[in-house]
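Spelled out, the chains give:
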Amino acid sequence: MGSPVHLDENGRPVILSMSLVVAPEFAGMRVDQFLHKKLRRLSRTKIQRIIKTQLLRADGRTFKPHSPVVVGDELIIRRPARAEPDCPREFAVLYEEPLVRVIDKPAGLPMHATARFYFNTLTRVLAEAYPGETLQICHRVDRETSVCVVLARSREAASRLKQAFANKRVQKTYLAL
């Protein structure tokens, strides 16, 4: 197994960045209130800590919690990546055509980023395996489940496939062990 995915080639944590641009409806709002609106899952205490230790303007200047935001301001949150629980990062392609790809997702690999997983997710692994290709997952699956995942390779295909799943026009077979 290679080095942990949250570390760079020198063994230091990878820096994760998130950019937020201030829209007109937030003009003049305090930065702490703006962040609370944009990052609803975070407590006010956590937002205060982010402002003090991780938040910058695009030009590198810092904020105070009471600083007002201006339309077009770009706020950048930068933090070191945290270690993630081990999980499989491999998958097999089971079927492929120009509009669809079906893969075998192993049990233990989360579909999307969560508070615990950023790098070890199916969406991240797919982006690494198929750089520049737009793939959309067409249905939901639990992390613990080993399953065939249907991926759309175009916006139109995604719309049609997601609608088929939503309208129960897809036949599913389950095997529980």
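Computed from a predicted structure; not experimentally measured.

S.K.: Looking at this model, I keep getting lost on the sheet that holds strand S1 (residues 15–21). Mind explaining?
M.R.: Within a beta sheet, neighbouring strands are joined by backbone hydrogen bonds and run either parallel or antiparallel to one another. Taking strand neighbours across the sheet as the criterion, the three strands line up as S1-S3-S2 in an open arrangement whose pairing is antiparallel. Two strands bound the open sheet, and with one partner strand each, they are S1 and strand S2 (55–57). Recorded for the sheet is a direction-independent mean angle of 25° between the axes of neighbouring strands. Pairing geometry for S2 and strand S3 (residues 74–80), over three bridges, is antiparallel. Each residue of the ladder has a partner; that of Arg57, found in S3, is Leu75.

S.K.: Explanation requested: the pattern of salt bridges in the structure shown.
M.R.: Pairing between side chains of opposite charge can happen when their charged atoms approach one another. All chains considered together, the criterion is met by nine salt bridges. Note that Glu96 is salt-bridged to Arg101, the shortest N-O span being 2.4 Å. With relative accessibility at 2%, the residue Arg101 sits in the buried group. The salt bridge partner of Glu133 is Arg101, with a shortest N-O separation of 3.5 Å. Taken as a pair, Glu133 in the loop between helix H3 (122–129) and strand S6 (136–137) and Arg101 in strand S5 (residues 100–105) lie far apart in primary sequence, 32 residues in all. A residue is classified by how much of its surface remains accessible, and Glu133, at 28% relative accessible area, is partly exposed.

Analysis parameters
Residues numbered from 1 in each chain as written. Predicted model: local features only at pLDDT ≥ 70, side-chain atom pairs only at ≥ 80, totals over all residues. Heavy atoms only, no water. Pairing = 2+ DSSP bridges. Helix = DSSP H or I, 4+ residues; strand = E, 2+ residues; numbered from the N terminus. Axes fitted to C-alpha atoms, helices over the stretch in contact; angles between N-to-C directions. Salt bridge = Lys/Arg side-chain N within 4 Å of Asp/Glu carboxyl O. Buried < 20%, exposed > 50% of the residue type's maximum accessible area, 1.4 Å probe, protein only.

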